[in-house]
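Letter by letter, the chains look like this.
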Amino acid sequence: MLSRRDPISESVVSPEVETTEDPSGHTVELNGAALYYEDRGRGAPLVLVHGGLASSAEWAPVARELADGFRVITPDSRGHGRSTNPSGELSYGGIAEDLAALVAALGLHRPVVGGWSDGGQVALELAARHPDTAGALIVGAAYPDFSAGGLRDAHRALLGADDTGIPDLDQLDAQLGEFAEEVKSSHPGGPEQWRALVRQTARMWLTYAGLAPDDLRAIRAPVLVLAGDRDELVPFDLTVSLYRTLPDAELAVCPRADHAGPTPERARVFASLIRDFASRYTQT
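Scope of this entry: the structure provided in the associated data block. (Residues numbered from 1 in each chain as written. Predicted model: local features only at pLDDT ≥ 70, side-chain atom pairs only at ≥ 80, totals over all residues. Heavy atoms only, no water.)

### Comments concerning the pattern of salt bridges
If charged atoms from side chains of opposite charge come close, those side chains can pair. Counted under the stated rule, the structure contains 13 salt bridges. We note a salt bridge from Arg-71 to Asp-39, for which the minimum N-O separation is 2.7 Å. Of the two residues, Arg-71 is situated in strand S4 (residues 70-75) and Asp-39 in strand S2 (residues 33-40); the sequence distance between them amounts to 32 residues. This pair shows no difference in class: Arg-71 is buried, exactly as Asp-39 is. Here Asp-68 ties to Arg-275 by a salt bridge, and the two come within 3.0 Å at their closest N and O atoms. One end of the pair, Asp-68, is in the loop between helix H1 (60-66) and S4; the other, Arg-275, is in helix H10 (residues 267-281), with 207 residues separating them in the sequence. Among the charged side chains, a network of salt bridges with common partners joins Glu-97, Glu-125 and Arg-129. (Salt bridge = Lys/Arg side-chain N within 4 Å of Asp/Glu carboxyl O. Helix = DSSP H or I, 4+ residues; strand = E, 2+ residues; numbered from the N terminus. Buried < 20%, exposed > 50% of the residue type's maximum accessible area, 1.4 Å probe, protein only.)

Okay, here's the thing in structure tokens:
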């Protein structure tokens, strides 16, 4: 599910920071939280948001492939990775507000903004709430109505959540299997951070109201709807439905990719699909 984190350095954010192909790590205070992000490459800005229970490390293999032509910015969503979450609550809308604030703090002009899984939901929320922030969107492995296609039940099963929405950490470990320790290691706060993140994520997953079809039809930005052909969580017919509902959408499918998405083994394919799309819509 996650790739191993590269060595990083931390500093206070500066919009004029120069970037290289090696990532530099930065922290910025936004909306009451300290948000960490990695910045690599040069060129038009491309912001990529990770999936649930993950961190910016998820995008590292793809970001390395893209750093020769783009400035790739990969944040840790609040409460994930090296970002804090003093509020103790998570919501897709709240993470989207953080993302809009980060784009503004970095002085980015209508960057391409994308995400995988939860990151894809956040990209859609960003477009609905702040239509002028992103010049184009990449929405991977996401569908903004959890009542469709058994999505809510699938999230509940992954968490091992009971009827009150309380997750079972042992059940989650079993579901993550061989990836459990790797996933946890991307959150340096240790067991306390992991427990808090799972509880907060469970509430977000199990109570998300979603976006209505009219909300999606109001999104005018170009959107790359991105999927893996073996996604075990988001049924492909929902991906096609999202593609057909959005007014200006393209559809791309990565072969031999499941919901883990941009793994090192599939990074080059994901990068080529993203490069093709982003190169047509980025602004320097």
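### Things to note about a negative patch on the surface
Residues Asp-162, Asp-163, Asp-168 and Asp-170 make up a contiguous surface patch of negative charge. Examined against the element boundaries, Asp-168 turns out to sit in the loop between helix H4 (151-159) and helix H5 (169-176). (Patch = residues over 30% accessible without salt bridge, like charges linked within 9 Å, V, L, I, M, F, W, Y side chains within 5 Å. Areas by Shrake-Rupley, 256 points an atom, 1.4 Å probe, with all protein chains shown as cover. Lys, Arg positive; Asp, Glu negative; His and termini not counted. Charge placed at Lys NZ, Arg CZ, Asp CG, Glu CD.)

### Considering the nonpolar core
In this structure, Leu-124, Leu-137, Val-139, Trp-194, Ile-219, Leu-242 and Leu-246 are the most contacted members of the largest nonpolar core, which totals 59 residues. Among the elements that make up this core, the one with the highest residue count is helix H2 (residues 92-105) (8 residues). Residue contacts for Leu-242: discarding those within four places in its chain leaves Leu-124, Val-139, Ala-142, Tyr-143, Pro-144, Leu-216 and Val-225. Within the second largest apolar cluster, 25 residues are counted, among which are Val-112, Leu-224, Ala-271 and Phe-277. (Core = buried A, V, L, I, M, F, W, Y, C linked by side-chain atoms within 4.5 Å. Contact = heavy atoms within 4.5 Å.)

### Focus on the packing of H2 against helix H3 (residues 118-129)
Running from N to C, H2 and H3 point in directions that differ by 70°, and their axes come no closer than 8 Å. Our classification of the angle between H2 and H3 gives roughly perpendicular. Side by side, H2 and H3 meet where Tyr-92, Gly-93, Ile-95, Ala-96, Glu-97, Leu-99 and Ala-100 of the first sit next to Asp-118, Gln-121, Val-122, Glu-125, Leu-126 and Arg-129 of the second. For the contact of H2 with H3, the per-class residue count stands at 7 nonpolar, 2 polar and 4 charged. (Axes fitted to C-alpha atoms, helices over the stretch in contact; angles between N-to-C directions. Parallel < 35°, antiparallel > 145°, perpendicular 65-115°, else oblique. Nonpolar A, V, L, I, M, F, W, Y, C, P; charged D, E, K, R; others polar.)

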